[in-house]
Amino acid sequence: MLKRTHTCGQPRLANAGTTIALNGWVNTYRDQGRGLLFVDIRDRDGLCQVVFDLEHGNPDLVQKARALRREDVIGVRGTLRQRSGEPNHKLATGEVELAAEELEIFNKAENPPILPDDHDAEKINEEIRLKYRYIDLRRPRMQHILRTRSKVTKLARDYFAANGFAEVETPLLIKSTPEGARDFIVPARLHQGMWYALPQSPQLFKQILMVAGFDSYIQICKCLRDEDPRADRQAEFSQIDLEMSFVEREDVMTMMGGFAHAVWHDILGYDIGEIAQMTWQEAMDRFGIDRPDLRNPLEIREITDIVAGSEFQVFQQAIEKTRAGRAGCVKAIRVPGGAEKLTRKMTDGYTEFVKQFKTGGVAVAKFTAAGFETGIAKHLDPFKDALVARLALQAGDSVLIVADHWDTATKALGELRLKVGRDLGLVNESEWRFLWVIDFPMFDWDEDGQRWVAMHHPFTSPNPDQFHLLESEPGKCLSAGYDLVVNGSEIAGGSIRIHRMDVQEKVFKLIGLTKEDADAKFGFLLSALRHGAPPHGGIAFGLDRLLMHLVGTDNIRDVIAFPKTQSGGDLMIDAPGPIDEQQILDCGMKVTLIEKKS
RNA sequence: GGGGUGGUAGCUCAAUUGGUUAGAGUUCCGGCUUGUCACGCCGGUGGUUGCGGGUUCGAGUCCCGUCCGCCUCGCCA
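As a starting point, this report considers the structure included with it. Values in this document were obtained by computation on a predicted structure and should not be read as measured data.

## Remarks on empty space enclosed by the protein
Where empty space is left can be seen by rolling a probe of water-molecule size over the atoms.
No. 1: One pass over the full model with this rule turns up 2 cavities of 30 Å³ or more.
No. 2: By volume, the largest cavity amounts to about 50 Å³.
No. 3: Considered class by class, the residues forming the lining of the largest cavity number 8 nonpolar, 4 polar and no charged.
No. 4: Every residue along the wall of the second largest cavity is listed here: Leu130, Arg133, Phe562, Pro563, Asp570, Leu571 and Met572.
No. 5: Taken together, the residues that form the lining of the second largest cavity break down as 5 nonpolar, no polar and 2 charged.

## Details of unusual backbone geometry
No. 1: The omega torsion across Ala575 and Pro576 is 0 degrees, close enough to zero to call that bond cis.
No. 2: Tracing the chain through its elements places Pro576 in the loop between α18 (543–551) and α19 (581–586).
No. 3: Its identity as a non-glycine residue notwithstanding, Asp215 has a phi of 70 degrees, on the positive side.
No. 4: Turning to its location among the elements, Asp215 is positioned in the loop between α6 (203–211) and β9 (216–224).
No. 5: Judged by its relative accessible area of 35%, Asp215 falls in the partly exposed class.
No. 6: For Thr374, which is not glycine, the phi torsion reads 60 degrees and is therefore positive.
No. 7: Among the structural elements, Thr374 can be located in the loop between β17 (371–373) and α12 (377–380).

## As for the packing of α6 against helix α17 (residues 515–530)
No. 1: Orientation of α6 relative to α17, taken along the N-to-C sense of each, is 20 degrees, at an axis distance of 10 Å. With respect to α17, the element α6 is oriented roughly parallel. Note that α6 runs across α17; the crossing there is left-handed. Counted together, Leu204, Gln207, Ile208 and Val211 of α6 and Phe522, Phe524, Leu525 and Ala528 of α17 form the full contact between these two elements.
No. 2: Grouping the constituent residues of the contact of α6 with α17 by class yields 7 nonpolar, 1 polar and no charged.

## Description of the nonpolar core
No. 1: Among the nonpolar cores identified, the biggest contains 48 residues, and Phe160, Ile240, Phe259, Trp264, Phe434, Leu484 and Phe541 are the most heavily contacted of them.
No. 2: Not counting residues up to four positions away in its chain, the partners in contact with Trp264 are Gly269, Tyr270, Ile272, Trp432, Phe434, Ile491, Leu546, His549 and Leu550.
No. 3: The next biggest cluster of nonpolar side chains, apart from the first, holds 33 residues, and it includes Ile289, Phe353, Val354 and Leu413.

Rules used in this analysis
- Residues numbered from 1 in each chain as written.
- Chains lettered and ligands numbered in written order.
- Predicted model: local features only at pLDDT ≥ 70, side-chain atom pairs only at ≥ 80, totals over all residues.
- Heavy atoms only, no water.
- 1 Å grid on protein atoms, 1.4 Å probe; cavity = no way out; pocket = protein on both sides within 12 Å on 5 of 7 lines; lining within 4 Å.
- Points joined across faces, edges and corners; volume = space filled by probe spheres on them.
- Nonpolar A, V, L, I, M, F, W, Y, C, P; charged D, E, K, R; others polar.
- Helix = DSSP H or I, 4+ residues; strand = E, 2+ residues; numbered from the N terminus.
- Buried < 20%, exposed > 50% of the residue type's maximum accessible area, 1.4 Å probe, protein only.
- Axes fitted to C-alpha atoms, helices over the stretch in contact; angles between N-to-C directions.
- Parallel < 35°, antiparallel > 145°, perpendicular 65-115°, else oblique.
- Left-handed = near helix turned anticlockwise from the far one by under 90°.
- Contact = heavy atoms within 4.5 Å.
- Core = buried A, V, L, I, M, F, W, Y, C linked by side-chain atoms within 4.5 Å.

Right under this line is the structure:
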C-alpha cells in the first residue's frame, strides 16, 4: 500500500522539493488534455492539488489518472512543488501542488448519488443525505462538527478529572419508571413477560454513586426517551452527566459554569465572563419563558391591574378566568418604533401565530403623541397615563396585548416576543448571553390528573429555606434546581437532590405516589437514602445542543453522526425493522398488532 | 394524536386553465482541450412524476387513500 507521509491539508511551500505521499478521495478532477490533469485529493483535514503531467510522469501514469472519477480512493506519491500557475487562496495548500510520480487506486467508486460538497449540501434533500450518511460525513463541515464534538468530550473528561471526578458507567438495561417521558422497552428473555427499560438518564444511579462514596461522578452517556423529536431534540441523545457530594447549589453551578467557560474559551476563543442569575418567576414575568433569550430586548409587562376596570369584554373575561389557582391576566409587549415597523400583515400574522398556543389572538394598538390609534385604541385610552408609565411608551411605539389564563398568556407572549424579535432583526446573532435560571417551583398543578407533578423530577430538593412550605403550600415551594441557558436555549439542568428519606417520602406522597408504589418503583433509592446518603446534587449538560451552539446550526441531526428522523427511523440502516419469529418466541411472546381505528 | 409543508432524471429544479414525445442545469458516458481550481467546448445516456385507486377522450397537474422527509402543537419528570 502506498502510505501517506502527510494528510491532504498539510503540505506547504516549506515542504517544496521533497517527496511526499497523500492518501484520500478524489474530490474533483480537471482534465486539460492528454498531457495535463489536475486532481484535488481530499481527506479529513483538507484538499491538495495533484498534477499529472508528462514532464513528471510517464504516459501510462497520466493515462491511468485520466480514468479517476469523483470519490475514488487513491494514494499518490511525487514531488511537492510551488505551483507554476496562480496560487489558490481558497486552499490552505493553495501555494503548492503534488507532481505525481506514482498512483495507487485503492478503490474505484460508483457514481456517487451525492457529492461531499458543502456548497451543495444545503440544497440537497436531507433524506438523501441521511441515506448516504457515509458520503455526507466526508464533507469538511461535517468533519469539523464531529471533530469539535470529540474535542468537547475530551475537554469534559480533562476538566472534570482535574477536579477530582471519576467516570463511572451506569447500566443501559434498567427498570421502567412511572414518572416522566415514555420509556423505550426491551423484552427480558430470561424473565418471560418482564421488560427492561432503556434509561432516560442515569439519574438514580448517579445519586446512588454518591451514597456509595464516589463523591464526584461524571459520565458522557446516551439517554433515551420515546417521545416525538423536534429540530433540537432526538429520542436518543447524549449528555455530560455529573453529580457531586457535600455540595450546595452554588457549588454545582460554579463547577459547571467553569466547564462552560472552558468550552467557550477553548473551542471558540470567547470569554463568557460571569454568568448572571435570574429567578424562574422573573424569567416568566419579563420574558414569558423559563429560558429567556437575553439578546432580545423586548420585554413583557403585566397590565392586569391597570385595565381591571375595562369594559372591554376580552380583558374582562380573561381576568375572570382561573386555573391552577392562578387568576387570568392581561400582558403586553412594547415594540419600540412598532407603529412603523409592524405592518398590518405582520400583526395579522401574529394573531394566527399565537393561536397555536391556544389563545384567541393578539390585540394591537399604535401609540402616538395624540394617544392610542388603530386596533383596540379606544379600550386603552381610558388607561393611557398608567400604561405609558408601566410600559415606558414613546410616540411611534406599538403595543401587543394578550389576555387569557396566566399560563396561556405567558406562553403566547413569550413565543410572540421571540418571533417579533426575529422579524424586526432585534437579536444580535454574534452575542452569547448566558444565564442561570434558579428558584423553580417544586411542583406544577396537573389539571387533568388533579394532582401535583414534579416540575424537574421528584428527587429534586426544596431550597433550604423552603422545606416548611413542602406540606403547607406545595404550590409556593421553590426547588434547589438550576438551568443553564444560553441565547434562549437550555443547555444544562440540574438540582440539589433530596438526601433524606423523610423528605423524599413527603415528595412522593405529594405527587400521588403511594408508599407501596414508591417502594416498588424506588425502594432501592429509599433504602440507599436510609444507609448514609450525603448531601448531594448534580447537573447534566446536553451535549448535542451544546454542539449546536458551538458550530452554529439549528438542526440537531447535524451534530450527530448517525441521527434519526422525526419518525424515529435510521434511513441508512433502515431501522426499525422486523425481527425473526424465533427471536420473538425466545422471549416467550407473540405479536398481535392492534388495528388502527379509521 | 393534531396542524402546516414537500416528494418529477443519480442530484438541484421547471412544466400556463387538465392537452403534442415531461424540459433545464449538474453528475455520469464519449470526444476535444498543457495551468486549471465550482476549469472550458462539443455530443450523448438517463423518467413506474413516492405508492395504490378514482374522475376524464386525456392526469405530473383534479379527487380519495397510503408511505416517506421536514417544521410545529401536544408530549419531552
